[in-house]
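Take a look at the letters that make up each chain.
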Amino acid sequence: LFDDAPLPVRQLKGSERTPRLDLSNKKLGFLSATAIAGLLPTNSALTDLNLLGNDMGAPGCRAVARAARHSALRGLNLASNALGHDGTAGPDSAGAAVVLGGLPPPPRRVVGAGDAEGNDQLFADMMAAVGQLSSLERLALDNNELSHGELLAPVGRMGNLQRLNLAHNKLISLPESIGQLRALTDLSVQNNALIELPASLGRLCALERLSAQNNCLVFLPESFAQLNELKTASLSDNRLQRLPPSIAAGCCALEKLEVAHNPLQKPPITVVRQGVTAVRRFFQDLAR
């Protein structure tokens, strides 16, 4: 029993083979995260770990990610885990090494209430560990009050990642390294504060769905038109005044373009409402 919540030890250790383990909304904190980290290295059966809605913080999630480095994990849900601020579980964290038979907790740094730099470092350390999960296909980091996109740069190392959820944070930007995710099919960044999307977006050659509504996007990168597998682009509730003219010849698979509640001028919203074909025709006519 850790953090007043029981842990399925046999399933975490792998002695009871379970491919999917749901530990969401269990009020698990740093102590539980350290216990989970102590059990995972022997687990060769677990492929999907759901830790949504806990309070592990960046240090706790880092411990779990480090322990899963050589596992068969394909899906990891760290949504709503207080990753955007200090999550070092107070003085109880110091007892983790004793409780777990000598397993040391991640290095702890005392962070003041206003020490944003310290919180950023904790998250950066966690992302460095997550970035080493090279076999991961699904990663959820939504609802974590994340604000600095550059700290997400390690995701670019995850060559097998197919789904990335960064929604409902406070992100102003995304790292250019996101363009290295050549297997990514679904990118969710809605409900943030994004001013722009990175130019490297066009290198996401497998991307089929982009959810970027409810941001502050003023324009789309020209590389947007290079997304030839993109089927759905949700861009409503932004500040877009124009779409890239290159969309006339690009985005070959695009079926659904959602741009409601944008101050669009090129093309006018009346054209967009007629569908993707009308948008292409509008830019083709302009080029003549």
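Quick notes on the rules
Residues numbered from 1 in each chain as written. Predicted model: local features only at pLDDT ≥ 70, side-chain atom pairs only at ≥ 80, totals over all residues. Heavy atoms only, no water. Helix = DSSP H or I, 4+ residues; strand = E, 2+ residues; numbered from the N terminus. Buried < 20%, exposed > 50% of the residue type's maximum accessible area, 1.4 Å probe, protein only. Contact = heavy atoms within 4.5 Å. Pairing = 2+ DSSP bridges. Axes fitted to C-alpha atoms, helices over the stretch in contact; angles between N-to-C directions. Patch = residues over 30% accessible without salt bridge, like charges linked within 9 Å, V, L, I, M, F, W, Y side chains within 5 Å. Areas by Shrake-Rupley, 256 points an atom, 1.4 Å probe, with all protein chains shown as cover. Salt bridge = Lys/Arg side-chain N within 4 Å of Asp/Glu carboxyl O. Disulfide = S-S within 2.5 Å. Parallel < 35°, antiparallel > 145°, perpendicular 65-115°, else oblique. Nonpolar A, V, L, I, M, F, W, Y, C, P; charged D, E, K, R; others polar. Expected span 1.5 Å × (residues − 1). Polar contact = N/O pair within 3.5 Å; in protein donor to acceptor, adjacent residues only side chain to side chain.

Turning to the side chain of Ser177, a few remarks are in order. Counting through the fold element by element, Ser177 comes out in the loop between strand E5 (163–165) and strand E6 (186–188). Using a relative accessible area of 14% as the deciding quantity, one classes Ser177 as buried. Once residues within four sequence positions are removed from consideration, Ser177 is found in contact with Ala153 and Gly156.

With parallel pairing, the nine strands of this open sheet are ordered in space as E1-E2-E3-E4-E5-E6-E7-E8-E9. One side of each edge strand has no neighbouring strand; the edge strands of this open sheet are strand E1 (20–22) and strand E9 (256–258). The mean inter-strand angle of the sheet, taken between neighbouring strand axes irrespective of direction, is 5 degrees. Pairing between E1 and strand E2 (residues 48–50): three bridges, direction parallel. Counterpart to Leu21 in the pairing with E2 is Leu49.

Let's shift gears to a nonpolar patch on the surface. Together, Ile172, Ile195, Val218 and Phe219 make up a nonpolar patch on the protein surface, roughly 320 Å² of accessible area in all. What makes Ile172 partly exposed here is its relative accessible area of 45%.

Another point: the environment of Leu28. Mapped onto the elements, Leu28 comes out in the loop between E1 and helix H2 (30–39). Looking at Leu28, the relative accessible area reads 1%, which means it is buried. Linking Leu28 and Gly60, residues 32 residues apart in sequence, is a C-alpha distance of 9.7 Å.

Tallied over the full model, the rule gives seven salt bridges. One salt bridge connects Glu16 with Arg10, and the closest N-O pair in it is separated by 3.8 Å. Here Arg242 makes a salt bridge to Glu222, at a shortest N to O gap of 4.0 Å. One end of the pair, Arg242, is in the loop between strand E8 (232–234) and E9; the other, Glu222, is in the loop between strand E7 (209–211) and E8, and 20 residues separate them in sequence. Taking relative accessible area as the criterion, Arg242 reaches 38% and is therefore assigned partly exposed. Sharing partners across several salt bridges, the network here consists of Asp48, Arg74, Glu137 and Arg138.

Take the state of the cysteines next. Taken as a whole and assessed by the stated rule, the structure comprises zero disulfides. Free cysteine Cys251: the closest other cysteine sulfur is in Cys252, separated by 7.7 Å.

Looking now at the packing of H2 against helix H3 (residues 57–67). Interaxial distance between H2 and H3 falls to 8 Å at its minimum, and their mutual angle equals 5 degrees. The angle between H2 and H3 falls in the class roughly parallel. In this structure, H2 uses Phe30, Ala33, Ile36 and Ala37 to contact H3, whose residues at the interface are Pro59, Gly60, Ala63, Val64 and Ala67. Classifying every residue of the contact of H2 with H3 gives eight nonpolar, one polar and no charged.

The next subject is helix H7 (residues 276–287). A rise of 1.5 Å per residue sets the reference length of H7, with its 12 residues, at 16 Å; its end C-alpha atoms lie 17 Å apart and thus fit the reference within 8%. When we look at burial in H7, the residues that qualify are Val276, Ala278, Val279, Arg280 and Phe283. On its buried face, H7 sits against E9 and helix H6 (269–272).

Moving on to the environment of Glu176. Along the chain, Glu176 turns up in the loop between E5 and E6. When the C-alpha positions of Glu176 and Ala153 are compared, they lie 7.5 Å apart, and in sequence the two are 23 residues distant. Leaving out residues up to four positions away in the same chain, Glu176 has contacts with Pro198, Ala199, Ser200 and Arg203.

In this fold, Asn54 is placed in the loop between E2 and H3. Judged by its relative accessible area of 6%, Asn54 is buried. At 2.9 Å, the side chain of Asn54 and the backbone oxygen of Leu23 are in polar contact. One polar contact links the side chain of Asn54 to the main-chain carbonyl oxygen of Leu51, over a distance of 2.9 Å. With near-sequence residues (within four places) excluded, Asn54 lies in contact with Leu23, Ser24, Asn25, Lys26, Lys27, Leu28, Ser80 and Asn81.

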